[in-house]
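# Structure assessment
So you can see what is in the structure, the chains are spelled out below.
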Amino acid sequence: MAANYEIDPVSGRAPLVLGEGSFSDVTNAVAAPMERTDWRKWWMAFMVSLGMLGILGVAVGYLIWEGTGIWGLNVPVAWGWAIVNFVFWVGIGHAGTLISAILFLLRQKWRTSINRFAEAMTIFAVLAAAIFPGIHVGRIWVAYYMFPLPNQMDVWPNFRSPLLWDVFAVSTYFTVSLLFWYVGLIPDLATMRDRSVTKLRKMVYGIFALGWRGSTRHWLHYETAYLILAALATPLVLSVHTIVSFDFAVSNVPGWHTTIFPPYFVAGAIFSGFAMVLTLMIPARKIFDLEHLVTIKHLENMAKVILLTGSMVGYAYAMEFFIAWYSGNPYEGFAFVNRAFGDYAWAYWIMVSCNVISPQFFWFKKLRRSPMFLFIISIFVNIGMWFERFVITVTSLHHDFLPSSWDYYTPTIWDVLTFVGSFGLFFTLFCLFVRFMPMVAIAEVKTVMPQADPHYVPGMEKQVQGDVLGPGWMQRSEADAVAAQASVEAARDTKTDTDSDEGKRHG
Amino acid sequence: MADKPFGLMAEFDTAQAVYHACEKVRDEGFTRWDSYTPFPVHGLDKAMGLPRSRLPWIVLVMGLSGAGLGMLLQWWVSAVAQPLIISGKPLFSWQAFVPVTFELGVLFGAFGAVFGMFGLNRLPQYYHSVFNSERFSRVTDDKFFIAIEASDPKYDEKKLKKLFKGLGATHIEVVED
């Protein structure tokens, strides 16, 4: 049975929007979650998130009042959960730009259904990340020292420090992601403006839509701007986690001082980011009836990216050990033996199980196409990637060069609460996003529909698909949609002669 | 209201119809006109005979200025304002300044792309005559429009109505200025 669900990923001819919906159906489907009247469940989720955000407020407030002594830091381990959480959140933030920029440049049209969602996730994750460097300085009122601002002491930042590069990389990344997201939103905000029934909504969406009127003269510059932003964001996203890894790699600490760090961190970031997209997207597409726009094919593609990047991360773990042995450096060798078999062996093996073993299930198509299974694995990956940063940070520090100062690091309740609170910030922003913004890029999804092509002839896809997808597909359940898709595939196989036309349709 | 209207607006149901209509209007030699679509229709700019966007030049200039300013800032801070020898490196150890230079180049380039696009498109522009049409609100949903301005030298309401009808317009109206 599973074989019938097959979609040919190479030709990309499986429909990206299931069924024969019109443009208007897409608009309605995406706008429906924002226009519903029953918000009880949303309020529940929002209140829980807000409560967690409150915890963040308390944890940060107490930190500012009392100082970093409330955390579990000790002398060899002077970098604890603050940096772990920072890298964790920044890493998650990488999937959004990967999906929106890199897949755009590679003309992966399937990205259109998920890019808005992933970009929103990026922005919220980078915001959650930005808390930690802000507060870990202890004396938060001098956090502005991080920026090259003229001051009465005539002191300037040291531009040779990777920590300073990080300030520039992360703030540039945040700004560019926000601009990219907003530019993508403008046509959809105009759609919401034109659909609004209440005056307030019309005004607010109208202000942010900037008076967009879909003019072709505007689309011309708009599409150029979008393409250029994608081209700028692609090296940017690679540079950001590279620079984050420099925070470690440029130091002389065994276990950190390796040239593999930049590519290894970037792969890990994409890995964790896609996992987080799945974690959020799988429930969201179910709750908001977007299963015909975010199809199983989209989820499967993400699973493949997770499998690829997860294997790259696994390779990096192995290569670190190899180089530790091959370099002949006893300190490096000790750091890695200690990592896998020392005091923090439990953390190391959690990391390996979650990051290296769990994605290997995605070699099986059946598992890649099961939303429930994908969701479970995505949670494992999230956990594993948090532990990766924990392992890297703590195992290298807790047994440093001087055995007399060796110590064991344990977080305090305040470390935990700050981390939980950062999820509060993330989820609060996400709740607001799903309520007030189109979760799927409406205008962009329309461009991948067959009838969007100016040379489309009505009935063109029927030659290929057979008459299996009738009207009324919006009401269909996912099982129906999948079964229909399977018939499409079967119908197509018998009509391979029309395939080449089909492939060129969007060219 | 001036006696002269803004122009004539034709509505189309499909991307194909508006595409061919644009080709026709272009070939008729109209200059003050535009088409409006819910999404970027592939190749419609060429069907309208529009030149390429100048935006890439703006981005190039902005990106290079950002990178240049970034290097200048780091040189000035490290070699002039606060000359400190760190790790025995020269005061202007430019290799270490590459990451920040790159980031500022990207940042300024992105500003150039976004605000340059707003500038070329004259956005935000909250009032425009096309919004006077009741039916125009569906341009952000599923309808396609062409509007020819009354100020166009070749503007002739009767002839145009006929032209649009022949091109498959589903609705034609005169829009107030």
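Residues numbered from 1 in each chain as written. Chains lettered and ligands numbered in written order. Predicted model: local features only at pLDDT ≥ 70, side-chain atom pairs only at ≥ 80, totals over all residues.

The helix and strand tally for chain A stands at 19 helices and 0 strands. Once local pairs closer than 6 in sequence are excluded, the contacts in chain A between residues at least 24 apart make up 82%. (Helix = DSSP H or I, 4+ residues; strand = E, 2+ residues; numbered from the N terminus. Contact = placed C-beta atoms within 7 Å.)

Summing up its helical and strand segments, chain B has 5 helices and 4 strands in all. Secondary structure elements in chain B, listed N-terminal to C-terminal, are β-α-β-α-α-α-β-α-β. Over its C-alpha trace chain B gives a radius of gyration of 25 Å, far above what one expects of a compact globule, namely 16 Å for 177 residues. Expressed along its principal axes, the backbone C-alpha trace of chain B runs to roughly 80 × 35 × 30 Å. Among the 177 residues that make up chain B, the fraction classed as buried is 44%. (Rg over C-alpha atoms; globule rule 2.2 N^0.38 Å. Buried ≥ 20, exposed ≤ 12 C-beta atoms within 10 Å, placed from the backbone.)

Take the confidence of the model for chain A next. Residue and element names in this part refer to chain A. Chain-level pLDDT for chain A is 85 on average; 86% of the residues reach the 70-or-more range. The least confident element of chain A, judged by mean pLDDT, is helix α19 (residues 499-504) at 42; the most confident is helix α12 (residues 345-357) at 95. Segment residues 1-12: pLDDT under 50, and 14 contacts once partners within four positions in sequence are set aside and those in other chains are kept. Segment residues 462-478: pLDDT under 50, and 30 contacts once partners within four positions in sequence are set aside and those in other chains are kept. (pLDDT = per-residue confidence, 0-100.)

It is worth spelling out unusual backbone geometry at this point. A cis amide bond links L123 of chain B to the next residue, P124 of chain B, at an omega of -5°. When you line up the elements, P124 of chain B lands in the loop between α4 (98-121) and β3 (144-149). In this structure, L210 of chain A is a non-glycine residue whose phi angle is positive, near 60°. Among the structural elements, L210 of chain A can be located in the loop between α7 (199-209) and α8 (216-249). Non-glycine residue S87 of chain B carries a positive phi angle of around 50°. Turning to its location among the elements, S87 of chain B is positioned in the loop between α3 (55-81) and α4.

For α3 of chain B, built from 27 residues, the straight-helix expectation of 39 Å at 1.5 Å per residue is met to within 8% by its first-to-last C-alpha distance of 36 Å. When we look at burial in α3 of chain B, the residues that qualify are L55, I58, V59, M62, G63, G66, A67, G70, Q74 and S78 of chain B. Against α8 of chain A together with α4 of chain B lie the buried residues of α3 of chain B. (Expected span 1.5 Å × (residues − 1).)

Turning next to the interface of chain A and chain B. Listed by partner, the interface residues are 52 residues for chain A and 58 residues for chain B. Elements with a minimum of two residues in the side of chain A that touches chain B: α1 (23-35), α6 (162-195), α8 and α16 (442-447) of chain A. With 16 residues, the single largest contributor to the side of chain A that touches chain B is α8 of chain A. Per-class residue counts for the side of chain A that touches chain B are 27 nonpolar, 17 polar and 8 charged. (Nonpolar A, V, L, I, M, F, W, Y, C, P; charged D, E, K, R; others polar.)

In summary, soluble globular proteins display a tendency toward joint burial of nonpolar side chains. Residues V176, L229, F274 and V277 of chain A together with I146 of chain B are the most contacted members of the largest nonpolar core, which totals 183 residues. Considering every element that reaches this core, the biggest residue donor is α8 of chain A, with 17 residues. Excluding its chain neighbours within four sequence positions, the residues that come into contact with V277 of chain A are A95, I114, F117, A118, M121 and M302 of chain A. (Core = buried A, V, L, I, M, F, W, Y, C linked by C-beta atoms within 7 Å.)

Locating V457 of chain A in the fold gives a position in the loop between α16 and α17 (460-465). Along the chain, V457 of chain A and A318 of chain A lie 139 residues apart, while their C-alpha atoms are 54 Å from each other.

All names here are of chain A. Running from amino to carboxyl end, helix α4 (residues 94-105) crosses α8 at an angle of 140°, the nearest separation of the two axes being 8 Å. Taken together, α4 and α8 sit at an angle that is classed as oblique. Two packed elements cross with a definite hand, and for α4 against α8 that hand is left-handed. For the pair formed by α4 and α8, the contact residues are H94, T97, L98, A101, I102, F104 and L105 on the first element and A230, A231, A233, T234, V237 and H241 on the second. Of the residues that constitute the contact of α4 with α8, the class distribution is 9 nonpolar, 4 polar and no charged. (Axes fitted to C-alpha atoms, helices over the stretch in contact; angles between N-to-C directions. Parallel < 35°, antiparallel > 145°, perpendicular 65-115°, else oblique. Left-handed = near helix turned anticlockwise from the far one by under 90°.)

Time to look at the sheet that holds strand β4 (residues 171-175) of chain B. All names here are of chain B. Reading across from one edge, β2-β3-β1-β4 is the order of the 4 strands in this open sheet, with antiparallel pairing throughout. Either end of the sheet is taken by a strand with one partner, and the two such strands are β2 (33-36) and β4. Direction aside, neighbouring strands of the sheet carry axes that sit 20° apart on average. Along the sheet, helix α1 (residues 15-28) makes contact with β1 (7-12), β2 and β3, crossing β3 at roughly 20°. Contacts between helix α5 (residues 157-166) and the sheet are confined to β1, β3 and β4, with β4 contributing the most and set at about 150° to the helix. (Pairing = 2+ DSSP bridges.)

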